[in-house]
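# Structure at a glance
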Amino acid sequence: MGADAVVMMRFDSVAISDDMQSVAAYGTAVKFK
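The name given to the chain in an unreviewed UniProt entry is Heavy metal-binding domain-containing protein, with Paucilactobacillus nenjiangensis as the source organism. Taken directly from UniProt, the Sequence similarities (unreviewed entry) text for the chain runs: "Belongs to the UPF0145 family."

As structure tokens, this is what we get:
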């Protein structure tokens, strides 16, 4: 998406039930000038 670096990354995972799981990954990207 045009970013030069990712300065922060977070990964979350949670079990909804015995056979279902929710996973989310997100971060903060920066563009150098």
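The discussion continues.
### Section: the pattern of salt bridges
Within this structure, the stated rule accounts for one salt bridge. Between Asp 12 and Arg 10 there is a salt bridge; the shortest N-O distance is 3.5 Å. Asp 12 sits in the partly exposed class, given a relative accessible area of 28%.

### Some points on a nonpolar patch on the surface
On the surface, a nonpolar cluster with roughly 290 Å² of combined accessible area is contributed by Val 14, Ile 16 and Met 20. Assignment of secondary structure puts Ile 16 in strand E1 (residues 5-17).

### Details of the environment of Ile 16
Taking relative accessible area as the criterion, Ile 16 reaches 54% and is therefore assigned exposed. When residues no more than four places from it in sequence are discounted, the contact partners of Ile 16 are Gln 21 and Ser 22.

### Let's talk about the environment of Ala 3
Relative to the helices and strands, Ala 3 resides in the segment before E1. Linking Ala 3 and Gln 21, residues 18 residues apart in sequence, is a C-alpha distance of 30 Å. Excluding anything up to four places from it in sequence, Ala 3 contacts Ala 29 and Val 30.

The rules behind each value
- Residues numbered from 1 in each chain as written.
- Predicted model: local features only at pLDDT ≥ 70, side-chain atom pairs only at ≥ 80, totals over all residues.
- Heavy atoms only, no water.
- UniProt positions renumbered as here; feature names shortened; annotations may be inferred.
- Salt bridge = Lys/Arg side-chain N within 4 Å of Asp/Glu carboxyl O.
- Buried < 20%, exposed > 50% of the residue type's maximum accessible area, 1.4 Å probe, protein only.
- Patch = residues over 30% accessible without salt bridge, like charges linked within 9 Å, V, L, I, M, F, W, Y side chains within 5 Å.
- Areas by Shrake-Rupley, 256 points an atom, 1.4 Å probe, with all protein chains shown as cover.
- Helix = DSSP H or I, 4+ residues; strand = E, 2+ residues; numbered from the N terminus.
- Contact = heavy atoms within 4.5 Å.

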